Amino acid sequence: MPNYFSPEKETASREQIRAWQDAGLRDCVRRVYDNVPYYRKKMEEAGVAPEDIGGLEDLHKLPFLTKDDLREAYPYGLMARPLTDCVRIQSTSGTTGRRVVAFYTQHDVDLWDECCARAIVAAGGTPDDVVHVSYGYGLFTGGPGLNGGSHKLGSLTLPMSSGNTDRQIQFMTDLGSTILCCTPSYAAYLAESINERGLRDKIHLKAGIFGAEAWTEEMRRDIENALGIKAYDIYGLTEISGPGVAFECSEQSGMHINEDYFIAEVIDPKTGEVLPEGEKGELVFTSFAKEAFPLLRYRTKDICILSRERCSCGRTFVKMTKPLGRSDDMLIVKGVNVFPSQIETVLLNHGYAANYQIIVDRQKNSDSIEVRVEMTPEMFSDELSKITAREKELVAALKSMLGIYANVRLVEPKSIVRSEGKAVRVIDKRNLYQG
Amino acid sequence: MIAHTKGGNTMEYTQQISVFLENRPGTLAELTDVLWKNNIDMRAMCVADAMDFGIARIIVDDVYETMTVLKDAGYVCQITKVLTVEMADEPGGLSKILALLGSAGINLEYTYAFLSRKKDTAYLVLKVAEPEKAEAVLRAEHIRLIGQETLQGIFGD
Ligand SMILES: [Zn+2]
């Protein structure tokens, strides 16, 4: 039986949703124009005024915002409310340049919490659940987001944060955690550790909400089988609020976007042209309901497809596919486009663990790509020839998927670096020599 | 523990531990260090190398304890059934055993030798495709096989 945290919103008619978005957009454009000189200048340069925006049909007239704008306007340049109204700051884990900092009023935090509560309920959560949050806490939005959602729902919240696997497993068994929230790679690692310790029968998990990094359907099946749970995807980004901008329902076929707070568009990343529903392109968000840090037409760089087809769960909110790639994470190796997700698919299809790392290098003007794969007990054999034969098969499969030769290197278990529970998937050494 | 009974004879196997090693400087030293820190004496060791990885094959007294130590240290490892034969440490000792297996049509995957404190005696570890058949052939020639249980004895500890 479907269950909703905000039934009147999540199952509203399309007309009703459109009306909320029209009114919200008009209001937001006015607030931003009046209070954010940075964006007002952009609007003036584009020759558009608040009066020109009557509703969604006019959205395309507004200029885009990108991460570069956020860096440029750092730290206060995009705020639509005075600091005194703000109660929270979160930040992205940007490794280069200035970080992106987002501000929240209490209204903004409540809105975010509500989005996360909807995600937990969609994953089968109730106030009787024990929600085990193993996302990092702090500036990173993962921990605070799911923590807030769990509170809002009234579930018992375990603010574990990431790391200390033994303690994670002990609390999970002793306190009967039922819903696990973390990155998919940390979930896979926890599953592996639980099974290694022979504790699978001692855990009571029924569902997991895993986001903040790309993962494939194969990885979903692996985690579901290893833990005996249903694994749900969740999507969000700090700039727009955090996790919970979109979440998966019982259908597990895409994530419903909380359209009463966010407007989603898909554009051609090259031309900026809005694409019709069903076409693949870059996802763009307008967070019109936010007070402190509303963003108009923010480009996410995530490539996905939107669908308004009826969903069996009864929700009427538009669905987005899992990000199918990044408009900016594509690797070009020997002139060939390589997506890490392609490599992941090959590995999982050949029985290797999802723990891998791609090293791209350039020696004497020639590109090379190496895929490091962690050895697993299942793949190991006392016979060298068996292991090398499997390696050769993998190299051949990679070649046919990518169109180029990729060297495979077997490494010891758990030797691939993880930070905040996120595996570092790609190391492009060629960047070291630029600028 | 590994004494199987077949045809009235007690079959004597050694449980070799095979450990995955990545190809990077110092991996073997790390492995021996883990064993040393846990007071595990290796009776024999041999390393097989492929291009990008290796397999360390080790013989110890307490297989269960060693497997636990290695798994805790994060190694991928498994137990492999091998035969350990005692032979005279004199010219022709090895050839005789290999000839016996060869004439019986038994495929030898790999072999390595080790010594004990017993004078003039060497030990040969054999990994064969058909261990039961190999054992029968060697027994018929009155060649002594060292089972896991008797390993400790030959070192006189
Ligand atoms: Zn649905």
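In what follows, the structure referred to is the one given above.
From a predicted model like this one, the values you see are computed outputs, not experimental measurements. The numbering scheme is per chain: residues are counted from 1 as the chain's sequence reads. Labels follow written order: the first chain is A, the first ligand is 1, and so on. Only residues with pLDDT of 70 or above have their local features reported here, since the model is predicted, and side-chain atom pairs are shown and tallied only from 80 upward, although totals for entire chains, interfaces and linings are computed over all residues. Hydrogens are left out, water is left out, and the side-chain values use all remaining heavy atoms of the structure.

Engineer: Describe a nonpolar patch on the surface, naming the residues involved and giving the relevant values.
Structural biologist: Residues and elements named next belong to chain A. Nonpolar side chains collect at one region of the surface, where Val-417, Val-424 and Ile-427 lie side by side and expose about 200 Å² of accessible area between them. Helix and strand labels come from DSSP, where a helix needs a run of H or I of at least four residues and a strand needs a run of E of at least two; each type is numbered from the N terminus. When you line up the elements, Ile-427 lands in strand 23 (residues 426-428). Only protein chains enter the area calculation, which uses a 1.4 Å probe; residues under 20% of their type maximum are buried, those over 50% are exposed, and those in between are partly exposed. Taking the relative accessible area as the measure of exposure, Ile-427 reaches 31% and is therefore partly exposed. The patches described consist of residues with a relative accessible area above 30% and no salt bridge, like charges being joined within 9 Å and nonpolar side chains (Val, Leu, Ile, Met, Phe, Trp, Tyr) within 5 Å. Surface accessibility in these figures is a Shrake-Rupley result with a 1.4 Å probe; residues are shielded only by whichever protein chains are displayed. Any carboxyl oxygen of Asp or Glu within 4 Å of a side-chain nitrogen of Lys or Arg constitutes a salt bridge here.

Engineer: Before we move on, could you go through the nonpolar core and cite the residues and values that matter?
Structural biologist: Among the nonpolar cores identified, the biggest contains 55 residues, and A:Leu62, A:Tyr235, A:Ile257, A:Phe262, A:Leu283, A:Phe285 and A:Met320 are the most heavily contacted of them. Those residues in contact with A:Tyr235, other than ones at most four positions away along the chain, are A:Gly242, A:Pro243, A:Gly244, A:Val245, A:Ala246, A:Met255, A:Leu283, A:Phe285, A:Thr300, A:Asp302, A:Met320 and A:Pro323. Nonpolar cores were defined as sets of buried Ala, Val, Leu, Ile, Met, Phe, Trp, Tyr and Cys residues, with membership established by side-chain atoms within 4.5 Å. Residues A:Val360, A:Val373, A:Leu398 and B:Ile55 belong to the second largest nonpolar core, which totals 31 residues. Only heavy atoms matter for contacts: two residues are in contact if any of them lie within 4.5 Å across the pair.

Engineer: Can you explain the packing of helix 8 (residues 184-196) of chain A against helix 9 (residues 217-227) of chain A? Please cite residues and give values.
Structural biologist: Residues and elements named next belong to chain A. For the pair helix 8 and helix 9, interaxial distance at closest approach is 9 Å and the crossing angle is 35 degrees. Between helix 8 and helix 9 lies a crossing of left-handed hand. In contact with Pro-184, Ser-185, Ala-187, Ala-188, Ala-191, Ile-194 and Asn-195 of helix 8, helix 9 contributes Met-219, Ile-223, Ala-226 and Leu-227. An axis is simply a line fitted to the C-alpha atoms; with a helix, the fit covers only the stretch in contact. Between two such axes, the angle follows the N-to-C directions and lies from 0 to 180 degrees. Each crossing gets its handedness from the near helix: less than a right angle anticlockwise from the far helix is left-handed, clockwise is right-handed.

Engineer: How would you summarise the interface of chain A and chain B if you had to cite specific residues and measurements?
Structural biologist: The interface of chain A with chain B comprises 18 residues on the first partner and 25 residues on the second. The quantity reported as buried area is the accessible area (1.4 Å probe) lost by two parts once they are put together, taken as the sum for both. Summed over both sides, the interface between chain A and chain B buries roughly 1,600 Å², with carbon and sulfur atoms accounting for 58% of that surface. Considering only the surface of chain A that becomes buried against chain B, A:Phe380, A:Asp382 and A:Glu412 emerge as the three largest contributors, covering 45% of it. Summed over the shared surface of chain A and chain B, the result is two salt bridges. For the salt bridge of A:Asp382 with B:Arg57, the shortest nitrogen-to-oxygen distance reads 3.0 Å. Two N or O atoms count as a polar contact when they lie within 3.5 Å, although within protein this holds only if one can serve as hydrogen donor and the other as acceptor, and sequence-adjacent residues are included solely when both atoms are side-chain atoms. Counting across the chain A and chain B interface gives seven residue pairs in polar contact (both at pLDDT 80 or more). Broken down by secondary-structure element, the contributors of at least two residues to the side of chain A that touches chain B are helix 11 (384-402) and strand 20 (407-411) of chain A. Asp, Glu, Lys and Arg are counted as charged, while Ala, Val, Leu, Ile, Met, Phe, Trp, Tyr, Cys and Pro are counted as nonpolar; the rest, among them Gly, fall into the polar class. Split by residue class, the side of chain A that touches chain B holds nine nonpolar, four polar and five charged.

Engineer: I'd like a description of unusual backbone geometry, backed by residues and values.
Structural biologist: Leaving glycine aside, a negative phi is the common case for residues, and trans is the common case for peptide bonds. With omega at -10 degrees, the peptide bond leading from A:Tyr74 into A:Pro75 counts as cis. On the secondary structure map, A:Pro75 appears in the loop between helix 4 (67-72) and strand 1 (86-91). Despite not being glycine, B:Asn39 shows a phi value in the positive range, around 55 degrees. Take B:Asn39: it is sitting in the loop between helix 1 (27-37) and strand 4 (42-49). A positive phi angle, close to 60 degrees, is found at B:His142, a residue other than glycine. Mapping B:His142 onto the fold places it in the loop between helix 4 (131-140) and helix 5 (151-154).

Engineer: Talk me through the coordination of the zinc ion; I want residue IDs and the actual numbers.
Structural biologist: When a metal carries six donors in an octahedron, the ideal angles between them are 90 or 180 degrees, while four donors in a tetrahedron ideally lie at 109.5 degrees. Residue and element names in this part refer to chain A. Metal donors: N, O and S atoms at distances within 2.8 Å, or within 3.2 Å for Na, K and Ca, with water omitted from the atom set so that some sites may seem incomplete. Bound to the zinc ion on the protein side are Cys-249 (SG), His-256 (NE2), Cys-311 (SG) and Cys-313 (SG), at distances that span 2.1 to 2.2 Å. Positions of the donor residues of the zinc ion along the chain correspond to the pattern C-x6-H-x54-C-x1-C. Of this pair, Cys-249 sits in the loop between strand 8 (242-248) and strand 9 (255-257) while Cys-311 sits in the loop between strand 13 (306-307) and strand 14 (319-320); the two residues are 62 residues apart in sequence, bridging distant segments of the chain. A relative accessible area of 8% means that Cys-311 is categorised as buried.

Engineer: Residues and numbers for the sheet that holds strand 11 (residues 281-286) of chain A, please.
Structural biologist: Residue and element names in this part refer to chain A. Spatially, the four strands line up as an open sheet ordered 10-11-12-15, and their pairing is antiparallel. With partners counted over all chains shown, the strands left at the sheet margins are strand 10 (263-267) and strand 15 (325-326), one partner each. When DSSP finds two or more bridges between two strands, those strands count as paired. For strand 11 and strand 12 (residues 298-304), the ladder comprises four bridges, and the chain directions are antiparallel. Each bridged residue has a counterpart across the sheet, and for Gly-281 the counterpart in strand 12 is Cys-304.

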